[in-house]
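The residues making up each chain are set out below.
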Amino acid sequence: MVTATLPAADVHPPSPSPWLSAWRRLTASRVTVAAMCPLALLVLACVFADGIAPYDPNAQDLELKATPGSAAHWMGTDPLGRDLATRILHGGRVSLLVGVLATGVAVVIGVGYGLVAGLAGSRTDAAMMRVVDILYAFPFMTFVIILTVVFGRQFWLLFLAIGAVEWLTMARVVRGQVLALRNQEFVTAARAYGARGWHVLIRHMLPNVAGPVIVYASLTVPGVMLLEATLSFLGLGIQPPDASWGVLIRDGADNMETSPWMLFFPALFFSATLLALNIIGDALRDALDPKSFQEPD
Amino acid sequence: MLRFILSRIIQGFVVVFAVIVITFGLLKASPGGPFNKERQMQPHVRAMIEAYYGLDQPWWVQLWRHVKGYASFHFPESLKMPGRGVDEIIAQGFPVSAAIGIPALLIALALGIPLGAFAALKPNSIEDRASMLLAMAGLCMPSLVLGPLIAMIFGLKLRWFNVSGWYDADDWVLPAATLGIIYSAYIARLTRGGLRETLAQDFIRTARAKGASEGAVVFRHAFKLACLPVLNYLGPAAAGLLTGSLVTETVFQIPGLGQHFISAAVNRDDNLAMATAAFYATLIVGFNLLVDIVQAALNPKIGFKS
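1. Overview of the overall build of chain B
Thinking step 1. Counting its regular elements, chain B contains 13 helices and 0 strands.
Thinking step 2. For chain B, the α and β elements follow one another from N to C terminus as α-α-α-α-α-α-α-α-α-α-α-α-α.
Thinking step 3. In terms of its C-alpha atoms, chain B occupies a principal-axis envelope of roughly 85 × 55 × 30 Å.
Thinking step 4. Within chain B, contacts between residues separated by at least 24 positions form 73% of all contacts whose residues are at least 6 apart in sequence.
Thinking step 5. Element-wise, carbon and sulfur atoms account for 66% of the exposed surface of chain B, whose accessible area totals about 15,200 Å².
Thinking step 6. Computed over 25 positive and 18 negative side-chain charges, the inter-centroid distance for chain B is 10 Å.

2. Describing the pattern of salt bridges
Thinking step 1. In this structure the tally under the stated criterion is 11 salt bridges over all chains.
Thinking step 2. Residue D202 of chain B is joined to R205 of chain B by a salt bridge in which the shortest nitrogen-to-oxygen separation is 3.5 Å. Taken together, the residues span about one helical turn, with D202 of chain B and R205 of chain B both in helix α8 (residues 202–209) at a distance of 3 residues.
Thinking step 3. Classification of D202 of chain B as exposed rests on a relative accessible area of 52%.
Thinking step 4. For R205 of chain B, a relative accessible area of 59% translates into the label exposed.
Thinking step 5. Here the salt bridges do not stand alone but share partners, grouping D282 and R285 of chain A together with R189 of chain B into one network.

3. A short note on the interface of chain A and chain B
Thinking step 1. The interface is formed by 39 residues belonging to chain A together with 40 residues belonging to chain B.
Thinking step 2. For the pair chain A and chain B, the summed buried area comes to about 3,300 Å², and 83% of that belongs to carbon and sulfur atoms.
Thinking step 3. Looking at the side of chain A facing chain B, the largest losses of area belong to F138, I146 and M256 of chain A, adding up to 16% of the total buried there.
Thinking step 4. The tally of links between chain A and chain B comes to 1 salt bridge.
Thinking step 5. D282 of chain A is the partner of R189 of chain B in a salt bridge, and the nearest nitrogen-oxygen pair spans 3.1 Å.

4. Section: the packing of helix α10 (residues 185–192) of chain A against helix α11 (residues 197–233) of chain A
Residues and elements named next belong to chain A.
Thinking step 1. In the contact formed by α10 and α11, the axes pass within 11 Å of each other and the chain directions differ by 170 degrees. Taken as axis vectors, α10 and α11 run roughly antiparallel relative to one another. The segment α10 lies against α11, with F186, V187, A190 and R191 engaging V200, H204 and N208.
Thinking step 2. Split into classes, the residues belonging to the contact of α10 with α11 amount to 4 nonpolar, 2 polar and 1 charged.

5. Description of the environment of S164 of chain B
All names here are of chain B.
Thinking step 1. Within the secondary structure layout, S164 lies in the loop between α6 (143–157) and α7 (173–199).
Thinking step 2. Taking relative accessible area as the criterion, S164 reaches 25% and is therefore assigned partly exposed.
Thinking step 3. Separated by 89 residues in sequence, S164 and Q253 have C-alpha atoms that sit 5.5 Å apart.

6. Focus on the state of the cysteines
Thinking step 1. With the rule as written, the count across this model stands at 0 disulfides over all chains.
Thinking step 2. No disulfide involves C37 of chain A; its sulfur sits 16 Å from that of C46 of chain A, the nearest cysteine.
Thinking step 3. In this structure C140 of chain B is a free cysteine whose sulfur lies 17 Å from that of C46 of chain A, the closest cysteine sulfur available.

7. Comments concerning the nonpolar core
Thinking step 1. Judged by nonpolar contacts, the single largest core of 131 residues is most densely connected at I145, I162, L231, F233, L234, W245 and F270 of chain A.
Thinking step 2. Setting aside residues no more than four positions away along its own chain, F233 of chain A makes contact with G246, I249, R250 and A253 of chain A together with L144, V247 and V251 of chain B.

8. Re a nonpolar patch on the surface
Residues and elements named next belong to chain A.
Thinking step 1. Taken together, the side chains of V43, L44, V47, F48 and I52 make up a nonpolar region of the molecular surface, amounting to roughly 440 Å² of accessible area.
Thinking step 2. Here I52 lies in helix α4 (residues 49–52).
Thinking step 3. For I52, a relative accessible area of 49% puts it in the partly exposed group.

9. So, the environment of V218 of chain B
Residues and elements named next belong to chain B.
Thinking step 1. Considering the arrangement of structural elements, one finds V218 in helix α9 (residues 214–226).
Thinking step 2. Of the residues examined, V218 reaches a relative accessible area of 5% and is grouped as buried.
Thinking step 3. Considering only alpha carbons, one finds V218 and P103, 115 residues apart in sequence, at a separation of 27 Å.
Thinking step 4. Setting aside anything within four residues of it in sequence, one finds V218 in contact with L121 and F223.

The rules behind the values
Residues numbered from 1 in each chain as written. Chains lettered and ligands numbered in written order. Predicted model: local features only at pLDDT ≥ 70, side-chain atom pairs only at ≥ 80, totals over all residues. Heavy atoms only, no water. Helix = DSSP H or I, 4+ residues; strand = E, 2+ residues; numbered from the N terminus. Contact = heavy atoms within 4.5 Å. Areas by Shrake-Rupley, 256 points an atom, 1.4 Å probe, with all protein chains shown as cover. Lys, Arg positive; Asp, Glu negative; His and termini not counted. Charge placed at Lys NZ, Arg CZ, Asp CG, Glu CD. Salt bridge = Lys/Arg side-chain N within 4 Å of Asp/Glu carboxyl O. Buried < 20%, exposed > 50% of the residue type's maximum accessible area, 1.4 Å probe, protein only. Buried area = accessible area lost by both parts, 1.4 Å probe. Axes fitted to C-alpha atoms, helices over the stretch in contact; angles between N-to-C directions. Parallel < 35°, antiparallel > 145°, perpendicular 65-115°, else oblique. Nonpolar A, V, L, I, M, F, W, Y, C, P; charged D, E, K, R; others polar. Disulfide = S-S within 2.5 Å. Core = buried A, V, L, I, M, F, W, Y, C linked by side-chain atoms within 4.5 Å. Patch = residues over 30% accessible without salt bridge, like charges linked within 9 Å, V, L, I, M, F, W, Y side chains within 5 Å.

Structural data, given as structure tokens:
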């Protein structure tokens with residue numbers, strides 16, 4: 001026997017939106033806030049590096065050569081007399097930009113692929129997921145190296161190449177979520193009252209996929225930044241005189257015997273940023289209901 | 001079980017050959033060719049060299065030759081190191097990479113599993129937080145940070161080991177320590193997650209209820225299941241470690257396999273690039289199969305389903 005019930009909103013006072021309560025859960029932890037605030041400051045400093053940084057990142061002062069930190073150059077200079085603090089801020093802008101853009105590429109490809117596979121179901125789904133399985137076994141580092149070496153070392157290619165290898169897990173997560181949602185009562189109900197496929201997709205699926213996508217994207221950013229740094233470290237990413245944190249760490253590693261500060265400061269900024277991003281990613285996962293993200297086989 | 005293994009092996013071959021075909025396609029789709037950069041080369045010389053390596057043939061003939069060669073273990077020659085088969089080059093680098101990768105894997109397990117278990121057994125305690133912070137720090141100190149730091153401290157300052165190179169019997173220590181510490185951070189997180197989830201399950205409560213000691217609960221009942229996520233991670237991790245970390249081998253200047261991954265692509269040694277990709281894929285497929293077998297043996301819920 002089915003009885004009609006009034007919509008919940010008419011009976012209860014409106015509850016805070018799920019996003020608002022997630023935000024409250026997120027900011028309840030002191031560790032998370034302690035990670036978010038300095039990261040926000042750093043991001044702002046990097047974005048406005050042109051105004052904040054005291055020097056030109058590529059201005060050489062050969063009389064200075066490599067000097068340790070001083071009042072004029074807080075973090076010292078490199079063998080060409082370039083101010084390290086300035087280069088760290090400018091390099092950070094490149095690293096963060098690659099991190100965000102490549103993650104964006106991964107999200108677009110992964111969500112699109114996962115949605116199609118999950119909605120198509122049956123054979124199409126199986127074939128599409130088998131492709132993902134094969135790509136998992138693919139030595140992606142070789143793939144990225146071939147892409148960057150062969151097609152030139154342009155900036156836009158770097159994040160496209162990184163994004164093109166980082167979407168696999170995203171596709172799995174989204175597809176799993178869609179499969180789980182497809183058979184839920186509220187989707188069946190929407191279908192039953194005559195909602196079109198597109199309506200179901202946009203109105204009912206996407207909001208429920210958004211949580212896992214946000215969580216996974218936030219955990220992809222540090223991974224992507226690490227990949228960029230690795231490529232730049234190997235001389236395959238950002239090319240000098242432009243700097244990214246990977247380039248600066250490589251410079252530091254080459255000069256660590258005579259100028260250890262050149263290794264120390266870029267490594268510190270890079271690691272601290274990865275730490276903050278990882279803490280925030282973990283906190284997001286806890287705040288946005290961990291149970292719903294497990295992918296079915 | 002035999003059928004399961006057999007079908008997985010066949011699947012594995014499909015994956016490896018798919019990797020060969022994809023790499024081939026990528027290299028052919030990219031502008032330029034292996035011998036395009038050498039401007040000083042006379043056209044007829046270049047034509048002869050390309051004919052020697054079969055590069056003048058249509059692409060499907062080339063692809064077929066590669067597939068046939070790999071299938072019958074007649075591997076092609078390197079394009080840039082004349083007279084040396086790609087299998088010979090890989091066979092030379094692999095033992096060096098493995099001499100670092102195997103101890104690194106052991107270090108990672110020896111550090112990561114106790115650290116993670118320790119954290120899981122006392123949730124939210126100081127110990128838990130400390131060990132997880134340590135594991136988190138491990139995640140944020142990738143090899144390009146940790147490697148130079150370790151080289152600086154133990155090589156330059158303390159002078160316990162060579163900073164770089166592959167001369168002395170103990171040259172594996174610093175790179176293996178670098179990789180081991182990094183991988184242990186992941187393993188610690190996975191162990192903690194797996195053990196905590198397992199300890200919350202009903203059969204653990206049953207074991208406690210019938211009066212099993214805490215040690216028996218953890219080691220006899222929980223640990224087998226708790227290891228599953230770690231085991232899952234170990235497949236790709238082992239393949240990655242054995243083929244050599246690009247960064248670590250660069251930092252410590254180790255003549256392992258890692259260098260070929262880069263130099264083959266940079267020099268457009270297409271044959272070697274395909275061979276390294278295929279070798280890596282073979283290792284991943286092999287280790288994943290091994291992991292699946294062990295997993296099925298440990299967890300009756302999974303079983304040998306193909």
